[in-house]
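Summary of structural features
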Amino acid sequence: MEKTLHNILGEIRRTNAPLAPDALDRIIRARNREVAGPVRYVAKKKLLPFYQEAKEHRPEHWRTWGVSPAEEALLVRTLQVKPRRTASGVATVTVLTKPWPCSSACLYCPNDVRMPKSYLHDEPACQRAERNWFDPYLQVTARLRTLHQMGHVTDKVELIVLGGTWSDYPEAYQIWYMHELFRALNDMGCETAVERESETRRKQYRDTGIACERDDLANWAAEAQARVTAGDASYNETVRNLYACGTRADNAPLHSRSTDRNAASIDAPPCSAAADDTQGAAFEPFALDNLQGSAPNSGWAAAAQWQTATFFQLEALQRENEAAEHRCVGLVVETRPDAVTPKRLATLRRLGCTKLQMGIQSLDERILAANHRGIGVDRMQQAFELARIFGFKTHAHFMTNLLGATPESDAADYRRMVEHPAFKPDEVKLYP
Ligand code: SF4
């Protein structure tokens, strides 16, 4: 590996420019021929991490290579993997929330109880999230490290939080989740802090036993999906009960108690002791009651006990982040139009969100009804209007080939969404 790096640096010094892909490829292939083992000895993606490791952990040895800052910049440009990832100057970090149901039940939406509603466990971002217990701190720090090793600058970060319907999560979890995202960004300047915090956090999850329950989850997921496929009329409730969330969304008295307290805390002045107290009082019973529930994965219920933070703590981290090495320049959550209300938007502003991803899927009332969307076009229009009034950017999800759609109806429907002033989202994600 080191010899290959020296060969690349020699070429950079000779030309005073980054190497073209074919020139880099020639050097790597020549070195692999020299070593001639059963597996490829050198791969492009391993070279930059090797260089960074030498610089950070073996500085005396690295200094003998005599790499100037200008040569290092050319080396990074040569070895950078997937340069489009940060071509805009902003590094995008996608994270998932924990497994959780959605209060809606659209016909096409998968039910994989290992994931937040609408996600499948075999997608790359989902696998990354599961490996990290869906923990925001672990997901952000791991992703930023990977981007760094791929040669990307990560001083400006857009955080994209995926997972079902954001506002269906308990508010305690929402605040904690954002708190951990900002804490991860702020800590990234100090590797020792990240190492220490990550290890502590992994131990917390191992202690809850969440990791041991994956086989059970796979069986529950298969059962839930089988019921959906068989058209089981009670599937919606079944699926919700099967979710590995640990906290049950159907606990009405608890839910209303929590909602009332949250409402009071929203009205309390930000960063005040009153707000802090109200939040704490609101969420404590939520965690305790859940521990007494019969949810299949009690590990998540145990984790919910310590997955709490207050707005006061979150706002302190947000202020700190304004001058941090890794600054959050955008924060996106996923929701659905009928969950967009003035009160929830006010909460989202306070959480630090800047953009809403909204599931639109179709603007054809007939197709919406056929697919059990439970939302009409008027409500979608209202959601766009509210989001703009509250200063959010909008990102719409659109689906083709839904039940009842034709290529022609999809084309007309899509055109309406991107051209009609009532909608015209800032961004669109098109799902086939
Ligand atoms: S609102 Fe979204 S997450 Fe909920 S069921 Fe429908 S598609 Fe799935």
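You'll find the structure just up there.
None of these values were measured; they are calculated from a predicted model.

Reading the values: the criteria
Residues numbered from 1 in each chain as written. Predicted model: local features only at pLDDT ≥ 70, side-chain atom pairs only at ≥ 80, totals over all residues. Heavy atoms only, no water. Near = heavy atom within 4 Å. Nonpolar A, V, L, I, M, F, W, Y, C, P; charged D, E, K, R; others polar. Phe/Tyr/Trp six-rings, centres within 6.5 Å; stacked < 30°, edge-to-face > 60°. Buried < 20%, exposed > 50% of the residue type's maximum accessible area, 1.4 Å probe, protein only. Helix = DSSP H or I, 4+ residues; strand = E, 2+ residues; numbered from the N terminus. Expected span 1.5 Å × (residues − 1). Contact = heavy atoms within 4.5 Å. Axes fitted to C-alpha atoms, helices over the stretch in contact; angles between N-to-C directions. Parallel < 35°, antiparallel > 145°, perpendicular 65-115°, else oblique. Left-handed = near helix turned anticlockwise from the far one by under 90°. Pairing = 2+ DSSP bridges.

1. As for the site of the ligand
The environment of the ligand is made up of Cys102, Ser104, Ala105, Cys106, Tyr108, Cys109, Lys117, Ser118, Gly164, Arg336 and Arg373. Looking at the shell around the ligand, its residues break down into 5 nonpolar, 3 polar and 3 charged.

2. Re the packing of aromatic side chains
Applying the stated criterion across every chain yields a total of 14 aromatic pairs. Ring centres 6.4 Å apart and planes at 40 degrees place the aromatic pair Trp166 and Tyr169 in the tilted group. When sorted by exposure, Trp166 lands in the same class as Tyr169, which is buried. These aromatic residues form a ring-pair network of at least three members: Trp100, Trp133, Trp166, Tyr169, Tyr173, Trp176, Tyr177, Tyr205 and Trp306.

3. Concerning helix α2 (residues 21-35)
In this model, α2 (15 residues) spans 21 Å end to end at C-alpha, consistent with the 21 Å of a helix rising 1.5 Å per residue. Tucked inside the fold, the buried residues of α2 contact α1 (2-15), α3 (44-57) and α5 (69-79).

4. Things to note about the packing of helix α7 (residues 136-149) against helix α9 (residues 191-208)
Interhelical geometry of α7 versus α9 gives an angle of 135 degrees and a closest axis separation of 10 Å. As the angle between them shows, α7 and α9 are arranged oblique. Remark: the crossing between α7 and α9 carries left-handed chirality. Of α9, the residues touching α7 (which contributes Tyr137, Leu138, Thr141 and Arg145) are Ala193, Val194, Glu195, Glu197, Ser198, Arg201, Arg202 and Tyr205. Residues belonging to the contact of α7 with α9 are distributed by class as follows: 5 nonpolar, 2 polar and 5 charged.

5. Observations regarding unusual backbone geometry
Phi is positive for Gln361, which is not a glycine, with a value near 70 degrees. Among the secondary structure elements, Gln361 is positioned in strand β4 (residues 355-361). Looking at Gln361, the relative accessible area reads 6%, which means it is buried. Positive phi is not limited to glycine here, since Lys424 has a value of about 35 degrees. Its place among the elements puts Lys424 in the loop between α19 (407-419) and β6 (427-431).

6. So, the pairing of strand β3 (residues 327-335)
Across the 9 residues of β3, 7 count as buried, placing the element largely inside the fold. Relative to β3, strand β2 (residues 156-162) is paired through 6 bridges, and the arrangement is parallel. Bridge pairing in β3 places Val157 opposite Cys328. Examined bridge by bridge, β3 and β4 share 4 bridges and lie parallel to one another.

7. A look at the packing of α1 against α2
Between α1 and α2, the shortest axis-to-axis distance is 10 Å and the interhelical angle comes to 150 degrees. In terms of axis orientation, α1 runs roughly antiparallel to α2. Every pair of crossing elements has a handedness; the one defined by α1 and α2 is right-handed. When α1 is examined against α2, the residues Lys3, Thr4, Asn7, Ile8 and Glu11 are found in contact with a partner set consisting of Leu24, Ile27, Ile28, Arg31 and Glu34. Of the residues in the contact of α1 with α2, the class split is 4 nonpolar, 2 polar and 4 charged.

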